[in-house]
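A structural walkthrough
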Amino acid sequence: LLRDTQELANVGSWAWDVRTGGTTWSDQLHRLFGLEPGRVIATYERLLAAVHPDDRQRVEEVMATAAHRGGNFAFDHRIIRPDSVIRTVHCIGRVSIDAHGLPTRIVCSAQDITERRRAEELGHRQRETLQTIFDHIPAMITVTDAAGQLVFVNQEWSRLTGWSFEESRDIDVVAELYPQPDERARVLEFVRAATGRAEDFRMRARDGRCIDTVWAIVTLSDGSAVSIGQDVT
């Protein structure tokens, strides 16, 4: 069951008896390292040899600190397989110590998180791309959650209205931007309907300037809404 579970989760494990030097690797750890189970001598030194050279010093430092303190540890690092393929693993381990505070045994699991890390990096690049677009496009963009709470404004919105995102969370934004009751009521109905159709509104900036704007609102599947506006004065 353990063998099947490790294979399904792509998790390998190893144990090192610090006093005797004896090391045990699971079959899945061999495969994770690109090795045939039983074809290499499992040692702690062989384990370190599989670590990417740029990460090896950090791994040794983490292990040395863990051995000194005892208890649990966790960290990520890269490995290089014999075929030169680089993978990223997430390690979780525990150090057992004796009555004198000396390490006796280290047990560690290693999971291949390469695809997850790539997905995270892709997501980060996508978010960075969107943030760059939001902050440099010549249009105002705001995002509200399903409850109508403002959760994002871009730089153009702050520049035209005169309010920062932090300041906008402490005021009634609609009342400040649309002080005329009739216009404010029309804005609130426009927000409630969120048909995606563009409409014109006269907005008052923080410094008292009146700005003619055109806005469109689209809703997302989670109930949040994206509003896009432009100064057409």
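Residues numbered from 1 in each chain as written. Predicted model: local features only at pLDDT ≥ 70, side-chain atom pairs only at ≥ 80, totals over all residues. Heavy atoms only, no water.

With respect to the overall build of the chain
The secondary structure content of the chain amounts to nine helices and ten strands. Against the globule reference of 17 Å for 233 residues, the chain gives a C-alpha radius of gyration of 29 Å, more extended than a compact globule. For the C-alpha atoms alone, the extent of the chain along its principal axes is close to 85 × 40 × 35 Å. For the chain, the proportion of its 233 residues judged to be buried stands at 35%. Taking the contacts inside the chain whose residues are at least 6 apart along the sequence as the reference set, 35% of them involve residues at least 24 apart. With an accessible surface of roughly 14,100 Å², the chain has 52% of that area assigned to carbon and sulfur atoms. (Helix = DSSP H or I, 4+ residues; strand = E, 2+ residues; numbered from the N terminus. Rg over C-alpha atoms; globule rule 2.2 N^0.38 Å. Buried < 20%, exposed > 50% of the residue type's maximum accessible area, 1.4 Å probe, protein only. Contact = heavy atoms within 4.5 Å. Areas by Shrake-Rupley, 256 points an atom, 1.4 Å probe, with all protein chains shown as cover.)

Comments concerning the sheet that holds strand 9 (residues 210-219)
Strand order in the open sheet formed by five strands is 7-6-10-9-8, with antiparallel pairing between adjacent strands. Every other strand in the sheet has two partners, leaving strand 7 (150-153) and strand 8 (199-204) as the edge strands with one partner each. Ignoring which end each strand starts from, the neighbouring axes of this sheet average 30 degrees apart. Bridge analysis of strand 9 against strand 10 (residues 225-231) gives seven bridges, and the strand direction is antiparallel. What sits directly across from V214, in strand 10, is Q230. The strands touched by helix 9 (residues 181-193) are strand 8 and strand 9; relative to strand 8, the strand with the most contacts, the crossing angle is about 130 degrees. (Pairing = 2+ DSSP bridges. Axes fitted to C-alpha atoms, helices over the stretch in contact; angles between N-to-C directions.)

Considerations on a nonpolar patch on the surface
On the surface, a cluster of nonpolar side chains totalling about 240 Å² of accessible area is made up of L130, I133 and I137. Within the secondary structure layout, L130 lies in helix 5 (residues 114-136). Judged by its relative accessible area of 44%, L130 falls in the partly exposed class. (Patch = residues over 30% accessible without salt bridge, like charges linked within 9 Å, V, L, I, M, F, W, Y side chains within 5 Å. Salt bridge = Lys/Arg side-chain N within 4 Å of Asp/Glu carboxyl O.)

Some thoughts on the environment of G208
Examined against the element boundaries, G208 turns out to sit in the loop between strand 8 and strand 9. In the structure, G208 is positioned 89 residues away from A119 in sequence and 46 Å away in space, judged by C-alpha atoms.

Remarks on empty space enclosed by the protein
Applying the stated criterion across every chain, the model contains one cavity of 30 Å³ or more. As a volume, the largest cavity reaches approximately 130 Å³. Considering the residues around the largest cavity, the lining is formed by 16 residues, among which W14, L47, V59, H77 and C91 are closest to the centre. Sorting the residues of the lining of the largest cavity by element identifies helix 3 (44-49), helix 4 (53-69), strand 3 (71-80), strand 4 (86-97) and strand 5 (103-112) as the ones contributing at least two each. The class makeup of the residues in the lining of the largest cavity is 15 nonpolar, one polar and no charged. (1 Å grid on protein atoms, 1.4 Å probe; cavity = no way out; pocket = protein on both sides within 12 Å on 5 of 7 lines; lining within 4 Å. Points joined across faces, edges and corners; volume = space filled by probe spheres on them. Nonpolar A, V, L, I, M, F, W, Y, C, P; charged D, E, K, R; others polar.)

Details of the pairing of strand 3
Bridge count for strand 3 against strand 4 is ten bridges, and the pairing is antiparallel. Residue D76 lies in a different strand from strand 4, and its bridge partner there is H90. Two successive antiparallel strands, strand 3 and strand 4, enclose a turn made up of five residues, where S84 displays a positive phi of approximately 75 degrees.

Focus: the pattern of salt bridges
Overall, the coordinates contain 17 salt bridges when judged by the stated rule. For R192, the salt bridge is made with E189, and the minimal N-O distance between the two is 2.5 Å. Placement of both R192 and E189 in helix 9 is noted, with a separation of three residues, approximately one turn of the helix. Within the structure, one salt-bridge network assembled from shared partners comprises R81, R87, D112, E115 and R118.

Focus: the nonpolar core
Ranked by size, the top nonpolar core spans 25 residues in total, and within it W14, W25, F33, M63 and F73 carry the most contacts. Leaving out residues up to four positions away in the same chain, F33 has contacts with W25, L47, A50, I79, R81 and P82. (Core = buried A, V, L, I, M, F, W, Y, C linked by side-chain atoms within 4.5 Å.)

Focus on the layout of surface pockets
Looking at the largest pocket, its volume works out to about 630 Å³. As for the largest pocket, its lining consists of 30 residues, and the residues nearest its centre are T142, T144, V174, V191 and S227. Mapped by element, the contributors of at least two residues to the lining of the largest pocket are strand 6 (140-144), helix 8 (173-177), helix 9, strand 8, strand 9 and strand 10. Of all the elements, helix 9 adds the most residues to the lining of the largest pocket, at five residues. Here the residues of the lining of the largest pocket are counted per class, giving 18 nonpolar, eight polar and four charged.

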